[in-house]
Amino acid sequence: LVAALSDTNVSVRKAATKSLNKLGKAAAKALVAALKSKDAGTRARTAELLAVSGDAWAIPALLGILKDPNPKVRAAAVNAVGAIDAAGNLSPLLAALKDREAKVREEAARALGGVKDHKALKWLLLALTKDSGAKVRKAAAWSLGEMKDRRALPSLITALKKDKDADVRLATVEALGKIRHKGTI
């Protein structure tokens, strides 16, 4: 089944993913081995599969591919680590906010949404106000809304007024609505 994650046919890859999900921990060793595959697509799909599984045993292996040379693999690993245990892996997720690839930074910003930590708040505010990638800024705004921390209000209001990207402004409106403070009226 793990070999089918590399199949050229998308339906075969999806079926393999579904079957491996049903096997759960029985497939653990094979999935960890798949994270070391020479094929970047296999590594990325395996990380995506592990994100869905939510199994904490996968974290050490996922942390091992956060520095993968392929940005799709790094983004999938960041997403998986965030989905499984963002709070317990704050440092690697914060480091991913500095990745050279916008997709990796976007996934890191989104993964930090469930973390109630002042370090995450600081870095998300920086991502919202300074990142060159609109999708990163949008993900940061979403995460700030999820955090519901009033200290984010000034930066969110500034982004709403000044960000050139409509999707970022929309995300800031939604975040401001989640924080529910009279200062946002």
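To be clear, the structure that these remarks concern was listed above.
The following paragraphs examine the structure supplied in this document. (Residues numbered from 1 in each chain as written. Predicted model: local features only at pLDDT ≥ 70, side-chain atom pairs only at ≥ 80, totals over all residues. Heavy atoms only, no water.)

**Comments concerning the overall build of the protein**
Heads up, the condition is: Counting from the N terminus, the helices are DSSP H or I runs at least four residues long and the strands are E runs at least two residues long. Each radius of gyration is computed over the set of C-alpha atoms, and the globule rule expresses the reference value as 2.2 Å times the number of residues to the power 0.38. Whether two residues are in contact is decided by their heavy atoms, any of which lying within 4.5 Å being enough. Accessible areas in this description were obtained via Shrake-Rupley with a 1.4 Å probe; residue shielding takes into account the shown protein chains only. Positive charges come from Lys and Arg, negative ones from Asp and Glu, while His and the chain ends are left out of the count. All charge positions are set by atom: Lys at NZ, Arg at CZ, Asp at CG, Glu at CD.
Within the protein, the secondary structure is distributed over eleven helices and zero strands. What you see for the protein is a C-alpha radius of gyration of 18 Å, in line with the 16 Å of a compact globule of 185 residues. Taking the principal axes of its C-alpha atoms as reference, the protein extends roughly 55 × 30 × 25 Å. Across the protein, the fraction of contacts at a sequence separation of at least 24, relative to all contacts at a separation of at least 6, is 59%. With an accessible surface of roughly 9,800 Å², the protein has 55% of that area assigned to carbon and sulfur atoms. When the 35 positive and 18 negative side-chain charges of the protein are each reduced to one mean point, those points stand 2 Å apart.

**Looking at the nonpolar core**
The following threshold applies: Only buried Ala, Val, Leu, Ile, Met, Phe, Trp, Tyr and Cys residues count toward a nonpolar core, and they belong to the same one when joined by side-chain atoms within 4.5 Å. Only protein chains enter the calculation, and the probe is 1.4 Å; a residue is then buried if its accessible area is under 20% of its type maximum, exposed if over 50%, and partly exposed in between.
Within the largest apolar cluster, 60 residues are counted, with the highest numbers of intra-cluster contacts made by Leu 62, Leu 112, Leu 128, Leu 144 and Leu 156. A per-element tally of this core places helix α5 (residues 71-85) first, with eight residues. Excluding anything up to four places from it in sequence, Leu 144 contacts Leu 121, Leu 124, Leu 125, Leu 128, Asp 149, Ala 152, Leu 156 and Ile 179.

**Topic: helix α8 (residues 118-130)**
Rules: In this analysis, the expected span of each helix is defined as 1.5 Å times one less than the number of residues it contains. The directions from the helix axis to the C-beta atoms form the arc being described.
In this model, α8 (13 residues) spans 18 Å end to end at C-alpha, consistent with the 18 Å of a helix rising 1.5 Å per residue. Among the residues making up α8, those that are buried are Ala 120, Leu 121, Leu 124, Leu 125, Ala 127 and Leu 128. When α8 is viewed along its axis, its buried side chains cluster within an angular range of 160° and face the same direction. Structural note: α8 exposes His 118, Lys 122 and Lys 130 on the side pointing more than 90 degrees away from its buried face. Where α8 is buried, its residues contact α6 (90-96), α7 (102-111), α9 (134-147), α10 (153-162) and α11 (166-179).

**Details of the environment of Glu 106**
For the record, the criterion: Two N or O atoms count as a polar contact when they lie within 3.5 Å, although within protein this holds only if one can serve as hydrogen donor and the other as acceptor, and sequence-adjacent residues are included solely when both atoms are side-chain atoms.
When you line up the elements, Glu 106 lands in helix α7. We classify Glu 106 as buried; its relative accessible area is 9%. In the structure, Glu 106 is positioned 27 residues away from Asn 79 in sequence and 9.4 Å away in space, judged by C-alpha atoms. Ignoring any residue separated from it by four or fewer positions in sequence, one finds Glu 106 in contact with Lys 135, Val 136 and Ala 139. Looking at Glu 106, its side chain comes within polar contact range of the side chain of Arg 110, at 2.8 Å.

**Topic: unusual backbone geometry**
Within the chain, Lys 148 stands out as a residue other than glycine whose phi angle is a positive 55°. Mapping Lys 148 onto the fold places it in the loop between α9 and α10.

**Comments concerning the pattern of salt bridges**
Applied cut-off: The rule for a salt bridge is simple: a side-chain nitrogen of Lys or Arg has to be within 4 Å of a carboxyl oxygen of Asp or Glu.
Counted by the stated rule, this structure contains eleven salt bridges. Where Arg 137 meets Asp 163, a salt bridge forms, and the shortest distance between an N and an O atom there is 2.7 Å. With Arg 137 in helix α9 and Asp 163 in the loop between α10 and α11, this residue pair connects regions lying 26 residues apart in the sequence. Each member of the pair, Arg 137 as well as Asp 163, carries the same accessibility label: buried. The partner of Arg 151 in a salt bridge is Asp 149, with the nearest N and O atoms 2.6 Å apart. Taking relative accessible area as the criterion, Asp 149 reaches 17% and is therefore assigned buried.

**Comments concerning the packing of helix α3 (residues 40-53) against α5**
Here is the rule we go by: Lines are fitted to the C-alpha atoms to define the axes, a helix being fitted only along its stretch in contact, and any angle between axes, read from their N-to-C directions, falls within 0 to 180 degrees. We call two directions roughly parallel when the angle between them is under 35 degrees, roughly antiparallel when it is over 145, roughly perpendicular when it lies between 65 and 115, and oblique otherwise. Each crossing is labelled by how the near helix is turned from the far one, with a counterclockwise turn of less than a right angle marking it left-handed and a clockwise turn marking it right-handed.
Between α3 and α5, the least distance of the axes is 8 Å, while the angle of their chain directions is 10°. The orientation of α3 relative to α5 falls into the category roughly parallel. Considering only the axes of α3 and α5, their crossing is left-handed. Between α3 and α5, the contacting residues are Ala 40, Arg 43, Ala 44, Ala 47, Glu 48, Leu 50 and Ala 51 on the first element and Lys 72, Val 73, Ala 76, Ala 77, Asn 79, Ala 80, Ala 83 and Ile 84 on the second.

**Brief notes about α3**
Between its first and last C-alpha, α3 extends 20 Å over 14 residues, near the 20 Å set by a 1.5 Å rise per residue. Of the surrounding elements, those touching the buried residues of α3 are α1 (10-23), α2 (28-34), α4 (59-64) and α5.

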